[in-house]
Each structure stands twice: as C-alpha cells, then as structure tokens.
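Secondary and tertiary structure notes
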Amino acid sequence: MRILLLGDLHGNRPATQALDEALKDIPRDVTWFLGDAVGKGPSSVFTCDWVREHCDHWIGGNWDYGIGGQEFPEDGYYWNQLGPERMAWLNGLPREAELTLAGVRFRLFHGRPVTELLQGDTPNADLAAVLTTESGTFGGAVFADSHRPFVRTVRGGYVCNTGSVGNSMGMPRVHCLLLEDAPLRMTVLSIPYDNEAAAEDARRDPDLPHRDAWIREVLTGRYSR
Ligand SMILES: [Fe+2]
C-alpha cells in the first residue's frame, strides 16, 4: 500500500503543475488532501479544482474554512475567484480522519483550526499531545499547516508533516509525504518547480492581497507576511 498525503497548495499553479507531472512516476493507491487548497497565491481556482479531481479523500484547513465561510472580508479577492459552489465545498470539508497502515493508527488533520500551529521545532510533549483524542490513542499523526515537512518520533508514536505544495518555507520546492507499508516507510518528497513563473503569475495580478510578500515567499522560502 502506498499512500500520498499533500496540502497547502495555496493557489500556486506552477508548483501544482510540477507536482502533477512528478506524480506520473510515483505509483500510489490513495491520495489524501490535508487542507489549504486556496488563499495566498493568485490561482486558487486552479488548485481547488486540482485537489477535487486528483485526490481521493479531503480534509479542510484554516484557509479553506475561512474563505469558504466568508469569515474575513479582506479575503473578498478569493471569494470572487472561487464562487459559491467551490466555497460551499471548501466550507463543508471534514476536519479529521484516520487511516491504519502497517499496524499503526494514524490521525489525519490539517493543523489549524483543529490544533494550534504545530511546527518542526514544536516541543516533543506538545506534538505527542495530538496522539490522544476523544476517539482514542493513535500511533501516528500526519498533518500539514506548518509549510515545512518533517518526520519525528515522540513519546507514543510518529508525528509527520507533509510540508507544502505551493508555499514551502525553508526550501521553496513542492513537498508532500509518502507512507508505505511492509515495512512502514515515511518519506518526504521534494520536487523542484518554476518559482519564477509563480512570481510572474503574481506580478501580473495587481489585486492579489499581500502580493510582494507572496512573491518573496515563492522565490526564497522565507516567511514574509
Ligand atoms: Fe497553509
């Protein structure tokens, strides 16, 4: 069994196209979307439609609910792009799911709003806390939201982050996570893409909110907002 998990596409068309091309050589049984298809970048329609077409299961992220629920008036740019049907779909996404692979029960969620922002340098005890919920104890967790991929062990299990497809911090590449069994493997995939094309998409759209910060992030991988 090979399970691909990905998230945080954030309206980055060139990054999503590079992922799409790379996936032709990555056989897999199931693809999970772990939230944040939209927002930030200029191509939310493209990335929203891509996850709907190419993923098998979907979990919502803080941007999906914020935009889908029209929570923040400053996000009107994205509401207008997406339209009511996509926003209703985004707003109705489940917040959590689980899967069991090689005897390990994994909890799947985006990060916010289910938890606070959990990152690669979050202390072990805080990461371990996500392994226990009202529905029981998990041997692993996979989430997104931090925009940096990692695989860690903490008391009680594995804690893995998919990284981000379209808004990576650190290395500005496409990242996602592959889980395989027999034996259990947890692999970060790192795929280069045309960062300059992503910046150019934004330069051509003067209405994009926080445009300069977005351009700097896709070119450098440095958080800029
Ligand atoms: Fe995100």
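Residues numbered from 1 in each chain as written. Predicted model: local features only at pLDDT ≥ 70, side-chain atom pairs only at ≥ 80, totals over all residues.

Here we look at the nonpolar core
Of all hydrophobic cores here, the largest spans 53 residues; its most connected members are Leu5, Phe33, Leu34, Val38, Ala141 and Val142. Excluding residues that lie within four positions of it along the chain, Ala141 makes contacts with Phe106, Arg107, Val130, Leu131, Val159 and Cys160. (Core = buried A, V, L, I, M, F, W, Y, C linked by C-beta atoms within 7 Å. Buried ≥ 20, exposed ≤ 12 C-beta atoms within 10 Å, placed from the backbone. Contact = placed C-beta atoms within 7 Å.)

Describing helix α6 (residues 195–203)
An α-helical turn contains 3.6 residues, so a residue and the one three or four places further along point in the same direction. All buried positions along α6 are accounted for by Asn195, Ala198, Asp201 and Ala202. One side of α6 holds all its buried residues, which, seen down the axis, span an arc of 115°. Residues of α6 that are exposed and point more than 90 degrees away from the buried face comprise Glu196 and Arg203. Elements in contact with the buried residues of α6: α1 (13–22) and α7 (211–220). (Helix = DSSP H or I, 4+ residues; strand = E, 2+ residues; numbered from the N terminus. Arc of directions from axis to C-beta.)

What to know about helix α2 (residues 44–54)
Those residues of α2 that sit buried are Ser44, Phe46, Thr47, Cys48, Trp50 and Val51. For α2, the elements touching its buried residues are α1, β2 (30–33), β3 (57–58) and α4 (76–91).

Concerning unusual backbone geometry
That bond from Arg112 to Pro113 is cis: its omega, 5°, falls within 30 degrees of zero. Relative to the helices and strands, Pro113 resides in the loop between β5 (104–109) and α5 (124–128). A cis geometry characterises the amide bond from Ala182 onward to Pro183, with omega recorded as -10°. For Pro183, the location among the structural elements is in the loop between β11 (174–180) and β12 (185–191). Its identity as a non-glycine residue notwithstanding, Ala182 has a phi of 55°, on the positive side. In this structure Ala182 comes out as exposed when scored by C-beta crowding, with 8 C-beta atoms within 10 Å. Unusually for a residue other than glycine, His210 sits at a positive phi of about 50°.

Structural notes on the sheet that holds strand β10 (residues 157–162)
Reading across the sheet, the five strands line up as β4-β5-β8-β10-β9 and stay open at both edges, with mixed pairing between neighbours. In the strand order of this sheet, the two ends are held by β4 (96–101) and β9 (149–154), each with one partner. Strand-to-strand twist of the sheet, defined as the mean angle between neighbouring strand axes without regard to direction, takes the value 20°. Here strand β8 (residues 140–143) pairs with β10 via four bridges, running parallel. (Pairing = 2+ DSSP bridges. Axes fitted to C-alpha atoms, helices over the stretch in contact; angles between N-to-C directions.)

Digging into the sheet that holds β12
A sheet is described by the order of its strands in space; here five strands give the open sequence β3-β2-β1-β11-β12, paired in mixed fashion. One side of each edge strand has no neighbouring strand; the edge strands of this open sheet are β3 and β12. Sheet topology note: the β2/β3 ladder contains two bridges and is parallel. Note on β3: the bridge partner recorded for Trp32 is His57.

Thoughts on the packing of α6 against α7
In the contact formed by α6 and α7, the axes pass within 8 Å of each other and the chain directions differ by 175°. Taken as axis vectors, α6 and α7 run roughly antiparallel relative to one another. Together, Asn195, Ala198, Ala199, Ala202 and Arg203 of α6 and Arg211, Trp214, Ile215, Val218 and Leu219 of α7 make up the contact between the two elements. Here the residues of the contact of α6 with α7 are counted per class, giving seven nonpolar, one polar and two charged. (Parallel < 35°, antiparallel > 145°, perpendicular 65-115°, else oblique. Nonpolar A, V, L, I, M, F, W, Y, C, P; charged D, E, K, R; others polar.)

A few points about the packing of α2 against α4
The relative placement of two packed helices is expressed as an angle between their axes plus a distance between the axes. Packing of α2 against α4 leaves a shortest axis separation of 9 Å and a crossing angle of 30°. Accordingly, the angle class assigned to the pair α2 and α4 is roughly parallel. Seen from α2, the contacting residues are Ser44, Val45 and Cys48; seen from α4, they are Tyr78, Gln81, Leu82 and Arg86. Of the residues contributing to the contact of α2 with α4, the split by class is four nonpolar, two polar and one charged.

Looking at the environment of Arg216
You can see Arg216 is positioned in helix α7. Given 16 C-beta atoms within a 10 Å radius, Arg216 is considered partly exposed. Each C-alpha atom, one on Arg216 and one on Ser146, is 18 Å from the other, the two residues being 70 residues apart in sequence. Those residues in contact with Arg216 that lie beyond four places of it in its chain are Arg222 and Ser224.

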